[in-house]
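# Chain and residue survey
Each chain, written out:
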There are 2 protein chains.
Amino acid sequence: MKSDVEIAQQATLAPISRIAADLGIDESEYEPYGRDKAKLSLTLLDRLKDRPNGKLVLVTAINPTPAGEGKTTMNVGLSMALNAIGKNAISALREPSLGPCFGLKGGAAGGGYSQVLPMEDINLHFTGDFNAIGAANNLLAAMLDNSLFRGNPLGIDPQRVVLRRVVDMNDRALRSVLIGLGRRTDGIPRQGGFEITVASEVMAILCLTSGIKDLKERLGRMVVAYTPDRDPVTATDLQAVGAMAMLLKDAIKPNLVQTVENTPAIIHGGPFANIAHGCNSALATRMALKLADYTVTEAGFGADLGAEKFLDIVCPSAGVAPDAVVLVATVHALKYNGGVPRAELSQENLVALDAGMANLEQHLENLDKYGVNTLVALNRFPDDTDAEIALVRERCARLGVQVVTAEVFEKGSRGGLEMARAVVEVCERPHHYHRLYSSELGLREKIETVAREIYRADAVNFSPRAQRQLENLTRLGFGSLPVCLAKTQYSFSDDPAKLGAPRGFEITVRQLVLRAGAGFVVALTGDILTMPGLPKVPAAVGMDIDEDGHITGLS
Amino acid sequence: MKSDVEIAQQATLAPISRIAADLGIDESEYEPYGRDKAKLSLTLLDRLKDRPNGKLVLVTAINPTPAGEGKTTMNVGLSMALNAIGKNAISALREPSLGPCFGLKGGAAGGGYSQVLPMEDINLHFTGDFNAIGAANNLLAAMLDNSLFRGNPLGIDPQRVVLRRVVDMNDRALRSVLIGLGRRTDGIPRQGGFEITVASEVMAILCLTSGIKDLKERLGRMVVAYTPDRDPVTATDLQAVGAMAMLLKDAIKPNLVQTVENTPAIIHGGPFANIAHGCNSALATRMALKLADYTVTEAGFGADLGAEKFLDIVCPSAGVAPDAVVLVATVHALKYNGGVPRAELSQENLVALDAGMANLEQHLENLDKYGVNTLVALNRFPDDTDAEIALVRERCARLGVQVVTAEVFEKGSRGGLEMARAVVEVCERPHHYHRLYSSELGLREKIETVAREIYRADAVNFSPRAQRQLENLTRLGFGSLPVCLAKTQYSFSDDPAKLGAPRGFEITVRQLVLRAGAGFVVALTGDILTMPGLPKVPAAVGMDIDEDGHITGLS
């Protein structure tokens, strides 16, 4: 089979003006970025506000494994297959980050014959959104340190600065730094650090906002530091909000592109799925719902992280709810969860598969708690045996859940027709979506609810630091916010080695981070890195561009 | 008079497709970025390679003062006035940096009725070029620190890393930092620092390159560190070149926009004018020369820095030479150079003006050494008196140099007709452009030549460190490169307080920095900051955007 970049380069793109016109978008409602990308104006939402929403399909997955589940590929393939069976569908996706692209992962725009295009642009700078987010974050940081340097009129405790600078790169050497060294005029020395841009609260805000006015209010609420009395200092206090919002004037607009089969895709925003909510922007989803009969969106990592946050944070905030949830799994990943080493995943192993199904089942039970309608989509690999597929079907049938298989990576929409038809059916059933917890619960109780109901932890321990933070955040009036648990993506527990459906464990909350602008409180469990590092041989080493502009090594 | 942003918002832009069509650019030769910006394909240069070049006009200035000389405004006004008198002209300009925009300076896209548009976009992220440059630089830095962390196979001396990370922000707290702190897995601790993106060697390379192949060769030559034996380690050694070039695939393409009077402008690149060469990209200039009868370009800071580097570095590298040099001055700035405090510049003062003329005259004498044809353009302010203008004319007449006045800020092209006619005349005269020094001179002798001939220093002192570096760079075979002197822009000397035409001073070279990819050796004199800081009240504080996307505070 051809490589991703070869398939992408050989695809015939439709002019983005035609993609837009086919969606009924007026020429005044988008701006072309090159011939193949466009930014959609927010006025589109005003014009279409009385049009009923289409159906919303959430694509989520079992806990990710090194084998790869292909969630984005399945999302893209599903949207193409829906179009192939005569429905109008739009794929709503997150924008990839440069860091993982040059690190381990390579590109992130789907794969094989289920990709979004132009994949080279989408994987690189795309329309500049992440750059704008980074600039807004770093302007705020520069203004904060300038305020410290200029006599500290806001009374910031330099030991209690919580805002970090960002860079869209995997750069472990920037995790923990001392800044402001040198001469007197080189600033006030203090401990600091960098996160990858997708971890910035500005990213989370952009992905949850409803427009410029709301964006400015959210940016203004960002708590960047505390005084010695633990009172918050905000972006409003630093008078940075207007300039930050100005930097984000184009980034706030969703990006229209297309798949290899010329079906429309809206790709916008890309917050982390542990320390943030991990979904494409609410504006992108809301726009897609007005433009198509089916919107296929996705949530990062497994359903314990991404779907939980989509259902508890995004849906209430954006005023949407999924008509169907597609839980993606692979036989390989299920066997891995059943204890098979990576090198042996190609061999049939019904015993391990049976054990690994516990992971999938717990996700299904969890999703049931939200009152949503779920089906399982197996991303079928060539070496999956019929006996293995039958075992998955049988186990799911016991829970009353349908299983479909899809081969969209190898076949595009042709490989997703069964999945598409099943999704259409599920969307016709009434759903009874509700959140897992009420906003009236305290922060501690909300964290405990997620840990108990979703992770199945026996108890939640709070470090002394986290306990002090719980008290202070409640004192400051932030107790009514939803919680955003940051946990390893590889396990339901906070230990990445505990695969399957672990029981008899406790989780420990080390620290709380207020995201007052985004509107949630992050609870950090285990060892969560907000700045990845490069592997021994970074993916960047294999990348190149020739004189004609042809790219190699981006997959 | 209206503010810059008001004038910009009230201007009627022509579709960028029409601007391109009027220049004879085929639809396949550009990509629209929004309705008002386009990226020009490098294939354009191939198609037009046999077309004769138009005339090249360099706009430079006396030493800048806090009063502001309006060099970019004069450049834009001149290009519009040339069009107004029936010539085809293109303005070639540098892209503004976000740092100064939010710091002291505000926007940098001309001013008044001589602006390039859309000024909000040009001043903010524009088409993402600076972001790509920053990402390429920072990917290289991350790969360097990753190499240190992964057993240091290249034998890099962590104390001899010369590559710095960059951010497009004025952020003094990042000038000097300790990185790689924290746990064992958080990298190798070492001293580091950040520069503003425009100071990156990647920026200088992009602005001097002739295409992708040359870009890759230049990137590969970048020296990022030395071994303990002072042997260079390059970007090629780190296997970063392909990925870096891939990141720059769009940034290498010049950007087409227009002025408030709908005349075309090509804005591309923006290297610092002291530690780099301070001119828009060679590709932009070369393209403009093929597309128009007159190309009006500019060089940063005063003629001692910007024009010197344009004539000694850019022209030989790009294979171009100016047909006319326009030296911009204001009566205010000349009086400031004659010792008048800023608050009194509006009052007529012929004695001070007479004294300050020494600055202008030295620039004229200097330019004469290059065999170019120069005229003086006074950017006329409302309170300049006729007697003052007459004095400038008389002093210049003694040197055989014509003086024209222009009021392009207030009147647009109508205020620049005299200037335009004079420029056309000068361009008809034969010029005898040549470099100041031969490449066969040693690095020390080249530095001494510039210091003696342009600055009029009595001698150049080299710090012990700079002497060791001179020897090592010569040993490594870099002695044939041109030199790029980094000096305060406010004085011919290395002391910003010495205005006018100082004599009887020596300059001290503290340090040399090899820019093997850009193809020059930087000599740092005095106190050169490559990372500016924010002022007490940053310009960002006054900026805002409303719900309809209207921007205020960007001037």
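Residues numbered from 1 in each chain as written. Chains lettered and ligands numbered in written order. Predicted model: local features only at pLDDT ≥ 70, side-chain atom pairs only at ≥ 80, totals over all residues. Heavy atoms only, no water.

### Some points on the interface of chain A and chain B
Taken together, the contacts link 72 residues of chain A with 72 residues of chain B. Overall, the association of chain A and chain B removes approximately 6400 Å² of surface from exposure, summing both partners, and the carbon and sulfur fraction of that is 61%. On inspection of chain A and its partner chain B, the count reaches twelve salt bridges. With a shortest N-O distance of 2.6 Å, B:Asp121 and A:Lys249 are connected by a salt bridge. Put simply, chain A and chain B have 37 residue pairs in polar contact (both at pLDDT 80 or more) between them. (Contact = heavy atoms within 4.5 Å. Buried area = accessible area lost by both parts, 1.4 Å probe. Salt bridge = Lys/Arg side-chain N within 4 Å of Asp/Glu carboxyl O. Polar contact = N/O pair within 3.5 Å; in protein donor to acceptor, adjacent residues only side chain to side chain.)

### Some points on the UniProt feature "binding site: ATP" (unreviewed entry) in chain A
All names here are of chain A. In this structure's numbering, the residues bearing the UniProt feature "binding site: ATP" (unreviewed entry) are Thr65, Pro66, Ala67, Gly68, Glu69, Gly70, Lys71 and Thr72. Its location among the elements puts Gly70 in the loop between β3 (55-61) and α4 (71-84). Owing to a relative accessible area of 25%, Gly70 belongs among the partly exposed residues under this scheme. Relative to the assigned elements, Lys71 resides in helix α4. For Lys71, the contacting residues outside a window of four places in its chain are Val59, Thr60, Ala61, Glu298, Ala299, Gly300 and Phe301. (UniProt positions renumbered as here; feature names shortened; annotations may be inferred. Helix = DSSP H or I, 4+ residues; strand = E, 2+ residues; numbered from the N terminus. Buried < 20%, exposed > 50% of the residue type's maximum accessible area, 1.4 Å probe, protein only.)

### Looking at the environment of A:Gly180
Looking at where A:Gly180 falls in the secondary structure, it is placed in the loop between β8 (177-179) and β9 (190-192). Separated by 78 residues in the primary sequence, A:Gly180 and A:Gln258 place their C-alpha atoms 45 Å from one another. With near-sequence residues (within four places) excluded, A:Gly180 lies in contact with A:Asp186, A:Gly187, A:Ile188, A:Pro189, B:Ala173 and B:Ser176.

### Some remarks on the confidence of the model for chain A
The share of residues in chain A with pLDDT of 70 or more is 99%, and the mean pLDDT across the chain is 95. Across the predicted assembly, pTM comes out at 0.96 and ipTM at 0.95. (pLDDT = per-residue confidence, 0-100.)

### Considerations on the packing of aromatic side chains
Using the criterion set out here, one finds two aromatic pairs over all chains in the structure. Their ring planes at 50° and their centres at 5.8 Å tell us that A:Tyr33 and B:Tyr33 sit as a pair that is tilted. With A:Tyr33 in strand β1 (residues 30-33) and B:Tyr33 in strand β1 (residues 30-33), this pair bridges two chains. Judged by relative accessible area, A:Tyr33 falls into the buried class, the value being 5%. Between A:Phe194 and B:Phe194, the ring centres sit 5.2 Å apart and the planes meet at 0°, which makes this aromatic pair stacked. One end of the pair, A:Phe194, is in strand β10 (residues 194-196); the other, B:Phe194, is in strand β10 (residues 194-196), on a second chain. Overall, A:Phe194 belongs to the buried group, its relative accessible area being 4%. When the ring centre of A:Phe462 is taken as reference, the NZ or CZ atom of A:Arg444 above it lies at 4.7 Å. The cationic tip of B:Arg35 hangs over the ring face of A:Tyr30; the distance from NZ or CZ to the ring centre is 5.0 Å. (Phe/Tyr/Trp six-rings, centres within 6.5 Å; stacked < 30°, edge-to-face > 60°. Lys NZ or Arg CZ within 6 Å of the ring centre and 35° of its normal.)

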